[in-house]
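Listed below, chain by chain, are the residues.
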Amino acid sequence: SQQGEEDPQALSIQEGENATMNCSYKTSINNLQWYRQNSGRGLVHLILIRSNEREKHSGRLRVTLDTSKKSSSLLITASRAADTASYFCATDVAGNTGKLIFGQGTTLQVKP
Amino acid sequence: DTAVSQTPKYLVTQMGNDKSIKCEQNLGHDTMYWYKQDSKKFLKIMFSYNNKELIINETVPNRFSPKSPDKAHLNLHINSLELGDSAVYFCASSTAETQYFGPGTRLLVL
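Residues numbered from 1 in each chain as written. Chains lettered and ligands numbered in written order. Predicted model: local features only at pLDDT ≥ 70, side-chain atom pairs only at ≥ 80, totals over all residues. Heavy atoms only, no water.

A closer look at the state of the cysteines
Note on terminology: disulfide describes a covalent bond linking the sulfur atoms of two cysteines.
Residues and elements named next belong to chain A.
Inference 1: Inspection of every chain in the model, using the stated rule, returns two disulfides over all chains.
Inference 2: Disulfide partner of C23: C89, at an S-S distance of 2.0 Å. Here the disulfide of C23 and C89 is right-handed, its torsion about the S-S bond being about 65 degrees. Here the residue C23 occupies a position in strand β3 (residues 19-24), and C89 occupies one in strand β9 (residues 85-93), the gap between them amounting to 66 residues. (Disulfide = S-S within 2.5 Å. Helix = DSSP H or I, 4+ residues; strand = E, 2+ residues; numbered from the N terminus.)

Pasting the structure below:
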């Protein structure tokens, strides 16, 4: 079964609003990463949070990790039309060096 | 300038044919990967090489054979293509935990 599952599958908001995406996983992890994929392009790394961290910020991105609930969230504040993309969480599973397991992604549409 | 490049970008072929996809990275990374992304955007790892040595080999049909002539290149050869092989194939590389992806090769098997 899939390691990462994301919620919601699709999200549509207005420019300036905040967008929150959630990711749940099943096994112990070394770290959890978020990637963005623009339509027809490859994935781009956004942020990494380690298993001993609870929150991390990068610009307008805020990531939380709750290892007791095996879940993470990605918050994009003050969204822009350029944030329109699919967002994937990926878990670096403990004991599997270098192997990332991806969720199915959240498709975010930001309307201008 | 391109960090991870793949060729071709698009590949349309008939069932039963054999095809190859090439990947090159100029980041100096030791580890390279092949992923398959299906029509529902589910991304699954297929193979990983570290310094030309195979380290991850997921449950992939043996019609798929990766080859790493040097640590900057990881090619994917697919024999006897099937309809279900239609997908986007991504190459990636890494030096630590973060992975850098190529632009993808869109394979359509008719």
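What to know about the confidence of the model for chain A
Regions with low pLDDT carry predicted coordinates that are not meant to be interpreted in detail.
Inference 1: Looking at chain A as a whole, the pLDDT averages 92, with 95% of positions reaching at least 70.
Inference 2: Between the elements of chain A, mean pLDDT differs from a low of 82, seen in strand β1 (residues 5-7) of chain A, to a high of 98, seen in strand β7 (residues 61-66) of chain A. (pLDDT = per-residue confidence, 0-100.)

Observations regarding the sheet that holds strand β6 (residues 55-58) of chain A
Residue and element names in this part refer to chain A.
Inference 1: Ordered in space as β1-β3-β8-β7-β6, the five strands form an open sheet in which the pairing is antiparallel. The open sheet has two free edges, formed respectively by β1 and β6, since each of these has just one partner strand. Ignoring which end each strand starts from, the neighbouring axes of this sheet average 15 degrees apart.
Inference 2: Pairing of β1 with β3 involves three bridges; the strand directions are antiparallel. Along β3, the bridge assignment pairs E6 with C23. (Pairing = 2+ DSSP bridges. Axes fitted to C-alpha atoms, helices over the stretch in contact; angles between N-to-C directions.)

Observations regarding the nonpolar core
Inference 1: Core analysis: the biggest nonpolar cluster contains 21 residues, and M21, L32, W34, L74, I76, Y87 and L108 of chain A have the highest contact counts within it.
Inference 2: Secondary structure elements with two or more residues in this core: β3, β4 (29-37), β5 (43-50), β7, β8 (71-76), β9 and β11 (106-111) of chain A.
Inference 3: Not counting residues within four places of it along the chain, the set of residues in contact with M21 of chain A comprises D7, W34, S72, S73, L74, I76, Y87, T106 and L108 of chain A.
Inference 4: Of all hydrophobic cores here, the second largest spans 19 residues; its members include M46, L74, A87 and Y89 of chain B. (Core = buried A, V, L, I, M, F, W, Y, C linked by side-chain atoms within 4.5 Å. Buried < 20%, exposed > 50% of the residue type's maximum accessible area, 1.4 Å probe, protein only. Contact = heavy atoms within 4.5 Å.)

Considering the environment of N51 of chain B
All names here are of chain B.
Inference 1: Relative to the elements of secondary structure, N51 occurs in the loop between β5 (43-50) and β6 (53-57).
Inference 2: Distance from N51 to H73, taken between C-alpha atoms, is 9.8 Å for residues 22 residues apart in sequence.
Inference 3: If we ignore the near neighbours within four places in the chain, the residues touching N51 are D30 and K71.

Description of the environment of D83 of chain A
All names here are of chain A.
Inference 1: Positionally, D83 belongs in the loop between β8 and β9.
Inference 2: A relative accessible area of 8% places D83 in the buried class.
Inference 3: For D83 and A19, which are 64 residues apart along the polypeptide, the C-alpha to C-alpha distance reads 9.8 Å.
Inference 4: In contact with D83, other than residues within four places in its own chain, are R60, I76, L108 and V110.

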